[in-house]
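What follows is each chain in one-letter form.
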Amino acid sequence: MKTKKHSLLLGAHISIAGGLEKAFFRGQSIGCTTIQIFTKSNRQWQCKPLTKSEIELFKKTWEQSPIKSVVVHASYLINLGSSNPEVITKSTRALKEELLRCSQLGIPYLILHPGSHGTSPKKNSLLQVAKLLDEVFQAVPGNSMILLETMAGQGSNLGAEFEELAEIYKASANKKRIGICFDTCHTFAAGYNTQTKKTYEHTWQLFDTVLGFDLLKVIHVNDSKKELGSRVDRHEHIGKGKLGKEAFRLLFNDERFFTIPKILETPKEELAEDLKNMKEIVSLLDADTKNVLDIKVPEKIVEERVSNR
Ligand SMILES: [Zn+2]
Ligand SMILES: [Zn+2]
């Protein structure tokens, strides 16, 4: 039998309840080949430092897991763009802690919302983000990168335009440690269409011109409850939203992105809902894609991989 070139690099944001390493078993039970996790509560500033045994257990479980690609999403509280000195101090400290945790766990990518500028001018805020990122990189040496996420543009959120992310990137002295996470729901809400072959190509061409494909490290795959250009961030199940199936068919059959981890952040009460979205995505793959990609998404949750750990 011919060996396939790559695995379908698809997974979801997975809970760490009960311990960081538990995410691997949950992810594996639905056939994830990549997962996104929080390494701490995403709605609290404080966290206890990781212990040596937590780190070792995580790394050992990872090594034995079929899931090879792990990414982290930073806390939603962090706002490097703020004009409030207290928020800036707390955010910078929290981001250093998050990057340190990634570095300790051997995780290459920490995904960050660029922040919001509030009442201060956008340009100043973007430069401030770059400056604070540099401070964070300096405090936490190593290879772990921070990925700036494309945003929907709610309120005064930074990062709804590719140019804003490019501005941060250009102003940073640590370009090697900055990448981009493209969120399909956010970009659509921000006004970048990817629904047809023509608009899809146009959006990615813009991305390549303004930021460059080399910076693209992770894709968040979410359909959108809201319309193109609504600037409202509401995730929907794949194919059930305003973005629609064709956008995901185009994305998942695009060989330029076969090696980029693609993470679902669609609404869920239980893992089965992630699996449903993953199966929906597999159903969109055409014959040529299936010829080169190894696909491990199961029909049903593989229970023993979850329950006895
Ligand atoms: Zn995000
Ligand atoms: Zn979102």
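This structure is a prediction, so every number in the text was calculated from the model and none was measured.

A word on the coordination of the zinc ion (ligand 2). In this structure, His186 (NE2), Asp233 (OD), Asp233 (OD) and His235 (NE2) serve as the protein donors to the zinc ion (ligand 2), at separations of 1.9 to 2.5 Å. Coordination at the zinc ion (ligand 2) is irregular: its four donor atoms span angles of 53 to 138° at the metal. When the donor residues of the zinc ion (ligand 2) are listed from N- to C-terminus, their spacing reads H-x46-D-x1-H. On the accessibility criterion, Asp233 (23% relative accessible area) is partly exposed.

For the pair helix α7 (residues 197–210) and helix α8 (residues 245–252), interaxial distance at closest approach is 10 Å and the crossing angle is 55°. Taken together, α7 and α8 sit at an angle that is classed as oblique. Crossing geometry of α7 relative to α8 is assigned as right-handed. On the side of α7, the interface is formed by Lys197, Tyr200 and Trp204, while α8 contributes Ala247, Leu250 and Leu251. Class assignment for the residues of the contact of α7 with α8 results in five nonpolar, no polar and one charged.

One pass over the structure, following the stated rule, counts 14 aromatic pairs. Each ring, one from Trp204 and one from Phe257, has its centre 4.5 Å from the other, and the planes form 45°; the classification is tilted. In this pair, Trp204 sits in helix α7 while Phe257 sits in the loop between α8 and β11 (262–264), placing the two residues 53 residues apart along the sequence. In this structure Phe257 comes out as buried when scored by relative accessible area, which is 1%. Clustering of aromatic rings is evident, with ring pairs tying together Phe162, Phe182, Tyr192, Trp204, Phe207, Phe213 and Phe257. The cationic tip of Lys175 hangs over the ring face of Tyr169; the distance from NZ or CZ to the ring centre is 5.9 Å.

Calculation notes
- Residues numbered from 1 in each chain as written.
- Chains lettered and ligands numbered in written order.
- Predicted model: local features only at pLDDT ≥ 70, side-chain atom pairs only at ≥ 80, totals over all residues.
- Heavy atoms only, no water.
- Donors = N, O, S within 2.8 Å, 3.2 Å for Na, K, Ca; no water.
- Tetrahedral: all angles 85-135°; square planar, octahedral: opposite > 155°, others 65-115°.
- Buried < 20%, exposed > 50% of the residue type's maximum accessible area, 1.4 Å probe, protein only.
- Axes fitted to C-alpha atoms, helices over the stretch in contact; angles between N-to-C directions.
- Helix = DSSP H or I, 4+ residues; strand = E, 2+ residues; numbered from the N terminus.
- Parallel < 35°, antiparallel > 145°, perpendicular 65-115°, else oblique.
- Left-handed = near helix turned anticlockwise from the far one by under 90°.
- Contact = heavy atoms within 4.5 Å.
- Nonpolar A, V, L, I, M, F, W, Y, C, P; charged D, E, K, R; others polar.
- Phe/Tyr/Trp six-rings, centres within 6.5 Å; stacked < 30°, edge-to-face > 60°.
- Lys NZ or Arg CZ within 6 Å of the ring centre and 35° of its normal.

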